[in-house]
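Okay, here's what each chain looks like letter by letter:
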Amino acid sequence: QTKISKQVESPLNYELSEVKQFPLSFDSLKFDVQFFQVQEQEDGSSAHAASISGHIAKTFSSGSVSEPTSVGAEVALNMSASAHATTMNSHSNNMVEGTIVITASATHKQVDVIAPLVMDAQKSVNAWNYCNPEDKLKCNARD
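Residues numbered from 1 in each chain as written. Predicted model: local features only at pLDDT ≥ 70, side-chain atom pairs only at ≥ 80, totals over all residues. Heavy atoms only, no water.

Caption draft 1: Expanded view of helix α3 (residues 121-131). Within α3, the full set of buried residues consists of Val-125, Ala-127 and Asn-129. At the N-terminal boundary of α3, the capping side chain belongs to Asp-120, with an oxygen 3.1 Å from the backbone nitrogen of Gln-122. (Buried < 20%, exposed > 50% of the residue type's maximum accessible area, 1.4 Å probe, protein only. Helix = DSSP H or I, 4+ residues; strand = E, 2+ residues; numbered from the N terminus. Polar contact = N/O pair within 3.5 Å; in protein donor to acceptor, adjacent residues only side chain to side chain.)

Next up, the structure:
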């Protein structure tokens, strides 16, 4: 059987970039389960969604050396917004009595870090255009 495929070339400059082992912290696993019950109120679905999204935001936007759970403010905000939208969608399509939210995060002692990370500008544009054909970037007069 013959397989023909096309892939975009990586924008990473492998000659100038280097992969290094880096001691980050310690191995950890944090696992949490919370139940959020819908309160019978006029704004019950909205309050329910806000409670869930607030829990997600708090869980993943804070972190410390002893409990490293932070994924960054932007990622935590996106996760929270997604949880809110999903919960509101569930309320509009179903009779929801409560929601179980399971969160998990992990860290590792050793990580591989690419440093310095050197990207080829033209290959980066080509990769973007390959992955986003409806929103292509133009980088010179020939495009």
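Next, the rest of the story.
Caption draft 2: Main features of the side chain of His-55. Position of His-55 relative to the elements: it lies in helix α1 (residues 44-61). Using a relative accessible area of 15% as the deciding quantity, one classes His-55 as buried. In contact with His-55, other than residues within four places in its own chain, are Asp-32, Gln-34, Phe-36, Val-101 and Thr-103. (Contact = heavy atoms within 4.5 Å.)

Caption draft 3: Examining helix α2 (residues 73-93) more closely. Given a rise of 1.5 Å per residue, 21 residues ought to cover 30 Å, and the 30 Å separating the end C-alpha atoms of α2 matches this to within 8%. Inspection of α2 places Ala-76, Ser-80, Ala-83, Thr-87 and His-91 among the buried residues, and these make up the whole buried set. In an axial view of α2, the angular spread of the buried residues amounts to 70°, which keeps them on one side of the axis. Turned more than 90 degrees off the buried face of α2, the exposed positions are Glu-74, Ser-92 and Asn-93. Looking at the packing, one finds that the buried side of α2 touches α1. (Expected span 1.5 Å × (residues − 1). Arc of directions from axis to C-beta.)

Caption draft 4: Here's a closer look at the packing of α1 against α2. Between α1 and α2, whose axes approach to 8 Å, the crossing angle comes to 155°. In terms of orientation, α1 lies roughly antiparallel with respect to α2. Here α1 runs over α2; the crossing is right-handed. Along the contact surface, α1 presents Ser-45, Ser-46, His-48, Ala-49, Ala-50, Ile-52, Ser-53, Gly-54, Ile-56, Ala-57, Phe-60 and Ser-61, while α2 presents Ala-76, Met-79, Ser-80, Ala-83, His-84, Thr-87, Met-88 and His-91. Of the residues belonging to the contact of α1 with α2, the class tally is 10 nonpolar, 10 polar and no charged. (Axes fitted to C-alpha atoms, helices over the stretch in contact; angles between N-to-C directions. Parallel < 35°, antiparallel > 145°, perpendicular 65-115°, else oblique. Left-handed = near helix turned anticlockwise from the far one by under 90°. Nonpolar A, V, L, I, M, F, W, Y, C, P; charged D, E, K, R; others polar.)

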